[in-house]
Amino acid sequence: MMSEVTNTYEKVKAVILSAHKSSTTREKVNFYNFWAQNYDQDVAVLDYRAPCMAANSISFHFKGDRDAAVVLDVACGTGMVAKEMNTLGFKHFVGIDGSEGMLELARSCGLYQELKQSLLGEEPIPVQSGHFDVVVIAGALSVGQVPVRVVRDLCSCAKSGGYVCMTTRSNADNVEYKSALDGELEQMEREGLWTCVEATEVEEWERAVSEKEHGYIRGAVYLYQKL
């Protein structure tokens, strides 16, 4: 049994490491289109916890009417965040992702009222500003994916008093990105755009895929409330 699990884990590592070789946006989108059908099973092998952690953070702090709340799920992938939040009482979701393959699977879960394709960082987020009770992005804020400046767009999408939940990795490959992200989040707080509700470091975030790391890597969950 152990050899079978290890073999599966090694295969998933190989798939993800191949994605790191994608340099252009089109190559990255093609990779996610290709990966979409196996994505949920593969990240389960990695014990990937970002969607659950984000949903739990939002659930703990959200005081409004969950039945009426409208959630913008950015880089929604196959719909993992919406599934987690739905079990916690949230019903209304709008999803955005760059991959049509991922959006097809998100569509099939039946939780989204609307799904839009958009390349984050290259195109404006195609939704109404100041409209959402919750904006969440789990997993895409990391080196080689979504640029740090996108967090300002996330803030713009939330209504006054709304929440923005973000996650990122804290491993060696993502140190510079996370430092820049932390700096931008703090700068936006100094500008009076939002206030930090929670910033939590998680020791066991997911199983490592880098050749330089073993065991579990660390990650972080941030929750901000728009002023």
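Residues numbered from 1 in each chain as written. Predicted model: local features only at pLDDT ≥ 70, side-chain atom pairs only at ≥ 80, totals over all residues. Heavy atoms only, no water.

Undergrad: I'd like a description of the overall build of the protein chain, backed by residues and values.
TA: The secondary structure content of the protein chain amounts to seven helices and seven strands. Going from N to C terminus, the protein chain has its helices and strands arranged as α-α-α-β-α-β-α-β-β-α-β-α-β-β. Taking 2.2 N^0.38 as the reference for a compact globule, 227 residues should give roughly 17 Å; the C-alpha atoms of the protein chain span a radius of gyration of 17 Å, in line with that estimate. Along the first, second and third principal axes, the C-alpha atoms of the protein chain reach 50 × 35 × 35 Å. Looking at the 227 residues of the protein chain, the share that counts as buried comes to 48%. For the protein chain, contacts bridging at least 24 residues in sequence account for 69% of all contacts bridging at least 6. Split by element, the accessible area of the protein chain, about 10,700 Å² in all, is 51% carbon and sulfur. One way to put it: in the protein chain the 22 positive side-chain charges average out to a point 1 Å from where the 32 negative ones average out. (Helix = DSSP H or I, 4+ residues; strand = E, 2+ residues; numbered from the N terminus. Rg over C-alpha atoms; globule rule 2.2 N^0.38 Å. Buried < 20%, exposed > 50% of the residue type's maximum accessible area, 1.4 Å probe, protein only. Contact = heavy atoms within 4.5 Å. Areas by Shrake-Rupley, 256 points an atom, 1.4 Å probe, with all protein chains shown as cover. Lys, Arg positive; Asp, Glu negative; His and termini not counted. Charge placed at Lys NZ, Arg CZ, Asp CG, Glu CD.)

Undergrad: Report on the nonpolar core, specifying residues and quantitative values.
TA: Among the nonpolar cores identified, the biggest contains 42 residues, and Ile58, Met85, Phe90, Phe93 and Val136 are the most heavily contacted of them. With five residues, helix α2 (residues 25–45) is the largest single contributor of residues to this core. When residues no more than four places from it in sequence are discounted, the contact partners of Ile58 are Met85, Phe90, Val134, Val136, Cys165 and Leu223. Counting residues in each nonpolar core, the second largest holds 30 residues, with Val148, Cys157, Tyr177 and Ala220 among its members. (Core = buried A, V, L, I, M, F, W, Y, C linked by side-chain atoms within 4.5 Å.)

Undergrad: Before we move on, can you summarise the UniProt feature "domain: Methyltransferase type" (unreviewed entry) in the protein chain with the specific residues and values?
TA: Mapped onto this numbering, the UniProt entry gives "domain: Methyltransferase type" (unreviewed entry) at residues 72–165. The span residues 72–165 shows a helical share of 27% and a strand share of 31%, and its end C-alpha atoms are spaced 10 Å apart. (UniProt positions renumbered as here; feature names shortened; annotations may be inferred.)

Undergrad: So what's going on with the sheet that holds strand β3 (residues 112–117)? Residues and values would help.
TA: Read from one edge to the other, the open sheet built from seven strands follows the order β3-β2-β1-β4-β5-β7-β6, with strand pairing classed as mixed. One side of each edge strand has no neighbouring strand; the edge strands of this open sheet are β3 and β6 (194–207). When strand polarity is set aside, the average angle formed by the axes of neighbouring strands in this sheet is 15 degrees. Bridging between strand β5 (residues 158–169) and strand β7 (residues 216–226) involves seven bridges; their strand directions are antiparallel. (Pairing = 2+ DSSP bridges. Axes fitted to C-alpha atoms, helices over the stretch in contact; angles between N-to-C directions.)

Undergrad: Break down the pattern of salt bridges for me, with residues and values.
TA: All chains considered together, the criterion is met by 12 salt bridges. The shortest N-O distance in the salt bridge between Glu184 and Arg152 comes to 2.7 Å. Pair noted here: Glu184 is in helix α7 (residues 175–190) and Arg152 is in helix α6 (residues 150–157), with a separation of 32 residues, a long-range link. Classification of Glu184 by relative accessible area gives buried; the value is 18%. Residue Glu203 pairs with Arg218 through a salt bridge whose shortest N-O separation is 3.2 Å. On the criterion of sequence distance, the pair formed by Glu203 in strand β6 and Arg218 in strand β7 is long-range, its members being 15 residues apart. Each of Lys178, Asp182, Glu201, Glu203 and Arg218 takes part in a single network of salt bridges with overlapping partners. (Salt bridge = Lys/Arg side-chain N within 4 Å of Asp/Glu carboxyl O.)

Undergrad: Would you mind going over the packing of helix α3 (residues 50–61) against helix α4 (residues 80–87) in detail, with residue names and values included?
TA: Packing of α3 against α4 leaves a shortest axis separation of 9 Å and a crossing angle of 40 degrees. One finds that α3 runs oblique with respect to α4. Pair α3 / α4 crosses with right-handed handedness. For the pair formed by α3 and α4, the contact residues are Pro51, Cys52, Ala55 and Ile58 on the first element and Met80, Val81, Glu84 and Met85 on the second. A class-by-class count of the residues in the contact of α3 with α4 yields seven nonpolar, no polar and one charged. (Parallel < 35°, antiparallel > 145°, perpendicular 65-115°, else oblique. Left-handed = near helix turned anticlockwise from the far one by under 90°. Nonpolar A, V, L, I, M, F, W, Y, C, P; charged D, E, K, R; others polar.)

Undergrad: Account for the packing of α2 against helix α5 (residues 100–108), naming residues and giving values.
TA: Viewed as axis vectors pointing N to C, α2 and α5 meet at an angle of 30 degrees, and their least axial separation amounts to 7 Å. As far as their axial angle goes, α5 and α2 are roughly parallel. On α5, the residues touching Tyr32, Asn33, Ala36, Gln37 and Tyr39 of α2 are Glu100, Gly101, Met102 and Leu105. Considered class by class, the residues forming the contact of α2 with α5 number five nonpolar, three polar and one charged.

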